[in-house]
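Spelled out from the first residue to the last, the chains are:
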Protein chains: 2
Amino acid sequence: MAQISNLSSSLEDYLEIILQLVQEQGEARAKDIAQRKSVRMASVTGALKRLTAEGLISYQARESVTLTKAGEELAGRILGRHEFIARFLHEILGVDGETASRDACAIEHVISLESLDRLAGFVEYLKLCPEVDELLISRFLSCYNMGCKRVAGGRGEKPKECNSTCPRGFHDRAVKIFSRKAGVIQLSELKPGDRARVVSVRGSVIIRQRLIDMGVLPGAQLEMQRVAPLGDPIDIKLKGYHLSLRKIEAATISVERV
Amino acid sequence: MAQISNLSSSLEDYLEIILQLVQEQGEARAKDIAQRKSVRMASVTGALKRLTAEGLISYQARESVTLTKAGEELAGRILGRHEFIARFLHEILGVDGETASRDACAIEHVISLESLDRLAGFVEYLKLCPEVDELLISRFLSCYNMGCKRVAGGRGEKPKECNSTCPRGFHDRAVKIFSRKAGVIQLSELKPGDRARVVSVRGSVIIRQRLIDMGVLPGAQLEMQRVAPLGDPIDIKLKGYHLSLRKIEAATISVERV
DNA sequence: GAACTAAGTTAGCCATCCCTAACAGTCTTG
DNA sequence: CAAGACTGTTAGGGATGGCTAACTTAGTTC
Ligand SMILES: [Mn+2]
Ligand SMILES: [Mn+2]
Ligand SMILES: [Mn+2]
Ligand SMILES: [Mn+2]
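Residues numbered from 1 in each chain as written. Chains lettered and ligands numbered in written order. Predicted model: local features only at pLDDT ≥ 70, side-chain atom pairs only at ≥ 80, totals over all residues. Heavy atoms only, no water.

**Student:** Would you take a moment to explain the overall build of chain A for this structure?
**Tutor:** On a plain count of helices and strands, chain A comes out with nine helices and eight strands. Contacts spanning at least 24 positions in sequence make up 58% of the contacts within chain A whose residues lie at least 6 apart. Total accessible area on chain A is roughly 12,900 Å²; 52% of this is exposed by carbon and sulfur atoms. (Helix = DSSP H or I, 4+ residues; strand = E, 2+ residues; numbered from the N terminus. Contact = heavy atoms within 4.5 Å. Areas by Shrake-Rupley, 256 points an atom, 1.4 Å probe, with all protein chains shown as cover.)

What follows is the structure, encoded as structure tokens:
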């Protein structure tokens, strides 16, 4: 049961593919549907029966599929969502086109309309905002990709020179925090004397705000000072200051040894 | 099979919940897991067996669950993703906290790490960009919500006065394009003389670029002039100009009668 | 028109993941 | 310590959505 229709994600995808095929080729054949969805034809037959039962398509065995009025309406909406999400990922964030489309085709079934509307509004706002000139996106992309290369280039390597438009400090912050597979540990795992860089700060807004106020931001360097016997409190040194964190706070901080 | 682990979304959620419970209460009991996931206890038992088989948790019948090293690592990553997505939706886009968390808990399983990294980078960039002052987000939210009220207020109602920070034209564009349930039709469905507003332009980048160059943008008002017998070409009037669209182009345009 | 081929269907299998109902431990309490 | 309450497990069933294998239908070729 996807967020919007009362169909499963799988059936929504079938419907979407049918609309695409009708638009592109005038008709949708079982074989082409199977190919696009990377499933066997036997699976398509089953799906077409379920869609027929829902009144979204009209088809008779061995004939090509057509969308009913309701099916066309729904398929168009799903496709619209898909295309907006893919465009956001590709054109704004610079995600590779194929990955963007794959992600979009998964997200489209689960994101709420509220989030989607707000995302659309945000994109629109950035484009229209007088303080954000139209080059923002391309400058972000060039800056991000520079950072990408640096991270991808290996550990010991020197960072590439960044172009002049990168905001000060951008590359010092942990930009690629999710794809970092290994080496990310909990703050509490550090031993006295260990130096590390903050990767992410999780937890409730209250805890996070307090930590951020103290300077515990992604990218910040710190040194473990002392861990009390039961892990509470934990003393760290950050930007020359000594901080004492409670166990519950420390548990929300992921770090990476430097 | 979620994008990152080789677990199903459901099992990733179980793991995430277990980590949360361990962090909050020191241990994870089957009953609490069932409650958080809104499933019956029998379902939990099954899930715990599968997670044990994957080596992610260690548990014996009727005892409380603990995470293995590998399980803790993975659960932490899933939770990190969840929290970042929820924070983006809530704190940047202004989505209601509960909706944001629900969306995040679905998106977290399907979004690629590439997209997530780039999203994190984009958020970071906006915060650090010298031309985008720190009030951008709050100004977007106040502006968007103003638009919200206007749209939600009903059709015939006068728009609320917008605060002075809204970019010129923001409210004229179709901001809430996804939650609009009814009344959105294809351009080709209009009859000569009908006036409509563009809701979205889909289709390939090439077609979209051409249409955008001609001024066919979301929010633009147009009037249908003439539809040739076979639907090709379609003549419309837009901002005083006459445009002739091919059928394939017109098919990518969704409009709303005004 | 028979033989072949490609497209599509049916039947039967399996995995996942939920459910209810019944049963089995464990804890509390009179 | 026995009864009852609570927690958790097992057994069995249903929906979904894949798969393979075998069959049917329809179109093409000789
Ligand atoms: Mn999809
Ligand atoms: Mn899609
Ligand atoms: Mn989830
Ligand atoms: Mn989650």
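**Student:** Explain the packing of aromatic side chains to me, please; I cannot follow it from the model alone.
**Tutor:** A ring pair, where both rings are aromatic, is described by two values, the distance of the centres and the angle of the planes. For the structure shown, the criterion picks out eight aromatic pairs over all chains. Considering the side-chain rings of Tyr125(A) and Phe140(B), the 5.4 Å spacing of their centres and the 65 degrees angle between planes classify their relative orientation as edge-to-face. Within this pair, whereas Tyr125(A) is found in helix H6 (residues 113-128), its partner Phe140(B) is found in helix H7 (residues 136-152), the two belonging to separate chains. Assigned by exposure class, Tyr125(A) and Phe140(B) land together as buried. When the ring of Phe140(A) is compared with that of Tyr144(A), the centres are 5.7 Å apart and the planes differ by 45 degrees; the resulting orientation is tilted. Within this pair, Phe140(A) and its partner Tyr144(A) are both found in helix H7 (residues 136-152), separated by four residues, close to a single helical turn. Judged by its relative accessible area of 0%, Phe140(A) is buried. Through successive ring pairs, a cluster of aromatic residues spans Phe122(A), Tyr125(A), Phe140(B) and Tyr144(B). When the ring centre of Tyr14(B) is taken as reference, the NZ or CZ atom of Lys37(B) above it lies at 4.5 Å. (Phe/Tyr/Trp six-rings, centres within 6.5 Å; stacked < 30°, edge-to-face > 60°. Buried < 20%, exposed > 50% of the residue type's maximum accessible area, 1.4 Å probe, protein only. Lys NZ or Arg CZ within 6 Å of the ring centre and 35° of its normal.)

**Student:** I tried to follow the relation of the copies chain A and chain B on my own but got confused; where do I start?
**Tutor:** Note on the chain copies: they are related by a rotation about an axis and a translation along it. Overlaying chain A on chain B yields an RMSD of 0.1 Å, the required transformation being a rotation through 179 degrees with an accompanying axial translation of 0.0 Å. When the rotation and shift are considered jointly, the pair of chain copies conforms to a two-fold rotation axis. With an isologous cut-off of 70% or more, the 99% of interface residues of chain A that recur at the interface of chain B puts this contact in the isologous class. (Least-squares fit on C-alpha atoms with pLDDT ≥ 70 in both.)

**Student:** Explain the coordination of the manganese ion (ligand 1) to me, please; I cannot follow it from the model alone.
**Tutor:** Any two of four tetrahedral donors ideally make an angle of 109.5 degrees at the metal, while pairs among six octahedral donors ideally make 90 or 180 degrees. Residues and elements named next belong to chain A. At this site the manganese ion (ligand 1) is bound by Asp13 (OD), Cys105 (O), Cys105 (SG), Glu108 (OE) and His109 (NE2), with donor distances of 2.0 to 2.5 Å. Donor residues binding the manganese ion (ligand 1) come from one chain and are separated in sequence as D-x91-C-x2-E-H. Separating the manganese ion (ligand 1) from the manganese ion (ligand 2) is a gap of 3.4 Å, bridged by cysteine 105, which donates to each. (Donors = N, O, S within 2.8 Å, 3.2 Å for Na, K, Ca; no water.)

**Student:** Just to check I follow, could you spell out the environment of Glu98(B) for this structure?
**Tutor:** Residues and elements named next belong to chain B. Its place among the elements puts glutamate 98 in helix H5 (residues 97-107). Since its relative accessible area comes to 60%, glutamate 98 is described here as exposed. Residues glutamate 98 and glycine 231, spaced 133 residues apart in sequence, show a C-alpha to C-alpha distance of 46 Å.

**Student:** What is the right way to read the pattern of salt bridges from this model?
**Tutor:** Any two side chains of opposite charge can pair, on the condition that their charged atoms come close. Residues and elements named next belong to chain A. Scanning the model with the defined rule gives 20 salt bridges over all chains in all. Of the charged contacts, one joins glutamate 249 and arginine 246 as a salt bridge, the two residues approaching to 3.0 Å between their closest N and O atoms. With a relative accessible area of 2%, glutamate 249 lands in the buried category. Take arginine 246: its relative accessible area is 46%, and that puts it in the partly exposed class. (Salt bridge = Lys/Arg side-chain N within 4 Å of Asp/Glu carboxyl O.)

**Student:** Looking at this structure, I do not really get H5(B). What am I missing?
**Tutor:** Within an α-helix, residues lying three or four positions from one another point in the same direction, as the helix has 3.6 residues per turn. Among all positions in H5(B), only Thr99(B), Ala100(B), Asp103(B), Ala104(B) and Ile107(B) are buried. Buried residues in H5(B), looked at end-on, bunch into an arc of 130 degrees, giving them a common side. Residues of H5(B) that are buried in the fold lie against helix H5 (97-107) and H6 of chain A together with helix H4 (69-92) of chain B. (Arc of directions from axis to C-beta.)

**Student:** How do you make sense of the protein's contact with DNA strand C when you look at a structure like this?
**Tutor:** Lining the immediate surroundings of DNA strand C are 21 residues, of which Met41(A), Lys49(A), Ser8(B), Ser43(B) and Arg50(B) lie closest. When the atoms of DNA strand C within 4 Å of the protein are sorted by group, sugar and phosphate make up 77%. Within the contact set of DNA strand C, a phosphate oxygen lies 2.9 Å away from a side-chain nitrogen or oxygen of Arg29(A). Here a phosphate oxygen of DNA strand C and a side-chain polar atom of Ser43(B) are 2.7 Å apart. Broken down by secondary-structure element, the contributors of at least two residues to the surface near DNA strand C are helix H2 (30-37) and helix H3 (41-53) of chain A together with helix H1 (9-25) and helix H3 (41-53) of chain B. It is H3(A) that contributes the most residues to the surface near DNA strand C, four residues altogether. (Near = heavy atom within 4 Å. Polar contact = N/O pair within 3.5 Å; in protein donor to acceptor, adjacent residues only side chain to side chain.)

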